[in-house]
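Spelled out, the chains give:
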Amino acid sequence: LKSKGYSTSYLFSGDLKYGNIKGFLTEHSYDRLKDENDFDPSLPKGKLNYYDSDLYDKFLKEIRVNKQPFLACTFTGSTHFPYDCPMKKFPFQGEEAEYLNSMVYADDCLKQFFTKAKTQKWYKNTLFVLVADHTPATNDPFYSDRSMMYRIPIVFYHPNGKLGKKREKKIFQQLDILPTALDLLNIKTN
């Protein structure tokens, strides 16, 4: 994308050294990398990172700094174990209660992000890609299909409907994200 004039940025509300994310992104020449050290330390923070609501607010500010066209990425942490988030909306019960609560919180924050993003000039020309890195493994020792942990959803969304509306149940992997996004943007690759 840099060869096509895109500026690039990545924002994580935790520590970029986690899982060597920073090494990977540095190797791939991102223009700007920001992590928990770039957040206002007076903001509330969970065990792993700052909360999604503050992450998305900062992400919107960071996007404004990007020269257009841009690739701006963010990595949320609310739905990652230990699932600590500031909102308890439903009285979920059982082993998965904290995870389910974190999903409701993450969904609410994502809705707020899109509501705010719709007011930005860049919104209507942006391809949004939403993807999980994995799903939580069950703690049930009798659950034999561990492959479900690696079945993750991905959403490609363009506000003006260029992509049409379709749902596919194809096998897809994270390595397919960039070629698929480039194809949707009519950028040819070899």
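To be clear, the structure that these remarks concern was listed above.
The numbering scheme is per chain: residues are counted from 1 as the chain's sequence reads. Local features in this predicted model are restricted to residues whose pLDDT is 70 or higher, and side-chain atom pairs enter the listing and the counts only when it is 80 or higher, whereas totals over whole chains, interfaces and linings include all residues. The basis for every side-chain value is the complete set of non-hydrogen atoms in the structure, without hydrogens or water.

Caption draft 1: Examining the overall build of the protein more closely. Here a helix means four or more residues in a row that DSSP labels H or I, a strand means two or more in a row labelled E, and each is numbered from the N terminus. Along the backbone of the protein there are 4 helices and 5 strands. Within these notes, the globule rule equals 2.2 Å times the number of residues to the 0.38 power, and the radius of gyration is based on C-alpha atoms. Here the C-alpha radius of gyration of the protein, 18 Å, is about what a compact globule of 190 residues would show, namely 16 Å. Counting over 190 residues, the protein shows a buried share of 31%. Residue pairs at least 24 apart in sequence account for 54% of intrachain contacts in the protein once pairs closer than 6 positions are excluded. Summed over all atoms, the accessible surface of the protein reaches about 12900 Å², with 54% contributed by carbon and sulfur. When charges are counted, Lys and Arg contribute as positive and Asp and Glu as negative, whereas His and the chain ends are disregarded. Positions of charges follow a simple convention, taking NZ of Lys, CZ of Arg, CG of Asp or CD of Glu. Measuring between centres, the 28 positive side-chain charges of the protein sit 9 Å from its 23 negative side-chain charges. Each residue is assigned to one of three classes by its accessible area relative to the maximum for its type, calculated with a 1.4 Å probe on protein chains only: buried under 20%, partly exposed between the two thresholds, exposed over 50%. Whether two residues are in contact is decided by their heavy atoms: any pair within 4.5 Å suffices. Accessibility throughout is a Shrake-Rupley quantity obtained with a 1.4 Å probe, and a residue counts as covered only by protein chains that appear here.

Caption draft 2: Region of interest: the sheet that holds strand E1 (residues 7–12). Across the sheet, which stays open at both edges, the 3 strands sit in the order E2-E1-E3 with parallel pairing between neighbours. The sheet terminates laterally at strand E2 (32–34) and strand E3 (70–75), the two strands that pair on one side only. Across the sheet, the mean angle separating the axes of adjacent strands is 10° when strand polarity is ignored. A pair of strands counts as paired when DSSP detects no fewer than two bridges linking them. Looking at chain direction, E1 and E2 are connected through 3 bridges and run parallel. Bridging from a neighbouring strand, Ser-9 pairs with Arg-32 of E2. Here an angle of 0 to 180 degrees is reported between the N-to-C directions of two axes, which are lines fitted to C-alpha atoms, with helices fitted over the stretch in contact. Running at roughly 165° to E3, helix H2 (residues 52–65) makes contact with E1, E2 and E3 of the sheet.

Caption draft 3: Main features of the pattern of salt bridges. What makes a salt bridge here is a side-chain nitrogen of Lys or Arg within 4 Å of a carboxyl oxygen of Asp or Glu, nothing more. All told, the structure shown has 7 salt bridges when counted by the stated rule. The salt bridge partner of Glu-62 is Arg-32, with a shortest N-O separation of 3.2 Å. Placement of Glu-62 in helix H2 and of Arg-32 in strand E2 is noted, with a sequence separation of 30 residues between them. Owing to a relative accessible area of 11%, Glu-62 belongs among the buried residues under this scheme. Linked by salt bridges that have partners in common, Arg-32, Lys-34, Lys-58 and Glu-62 make up one network.

Caption draft 4: Focus on the packing of H2 against helix H3 (residues 97–117). The interhelical angle for the contact between H2 and H3, taken along N-to-C directions, is 20°, at an axis separation of 9 Å. With respect to their mutual orientation, H2 and H3 come out roughly parallel. Between H2 and H3 lies a crossing whose hand is right-handed. Listed contacts from H3 to Asp-52, Ser-53, Tyr-56, Asp-57, Phe-59 and Leu-60 of H2 are Tyr-105, Ala-106, Cys-109, Leu-110, Phe-113, Lys-116 and Ala-117. In this count, Pro and Cys sit with the nonpolar residues alongside Ala, Val, Leu, Ile, Met, Phe, Trp and Tyr, while Asp, Glu, Lys and Arg are called charged and the others, Gly among them, polar. Looking at the contact of H2 with H3 residue by residue, the class counts come to 9 nonpolar, 1 polar and 3 charged. An angle counts as roughly parallel when it lies under 35 degrees, as roughly antiparallel when it exceeds 145, as roughly perpendicular when it falls between 65 and 115, and as oblique in every other case. If you view the pair so one helix is near and one far, a crossing is left-handed when the near helix is turned anticlockwise from the far one by less than a right angle, and right-handed when it is turned clockwise.

Caption draft 5: Seen up close, unusual backbone geometry. Note the cis peptide between Gln-68 and Pro-69, where omega equals -5°. The residue Pro-69 is located in the loop between H2 and E3 in this model. The omega angle of the peptide bond from Phe-81 to Pro-82 is 20°, so this bond is cis rather than trans. For Pro-82, the location among the structural elements is in the loop between E3 and H3. If you check the backbone angles, Ser-29 has positive phi at about 60° while not being a glycine. Positionally, Ser-29 belongs in the loop between helix H1 (21–27) and E2. The backbone phi angle of Asn-186 is positive, close to 60°, even though this residue is not glycine. Position of Asn-186 among the secondary structure elements: in the segment after helix H4 (177–184). Assessed through its relative accessible area of 62%, Asn-186 is described here as exposed.

Caption draft 6: Layout of the environment of Val-65. Topologically, Val-65 is positioned in helix H2. Linking Val-65 and Arg-32, residues 33 residues apart in sequence, is a C-alpha distance of 10.0 Å.

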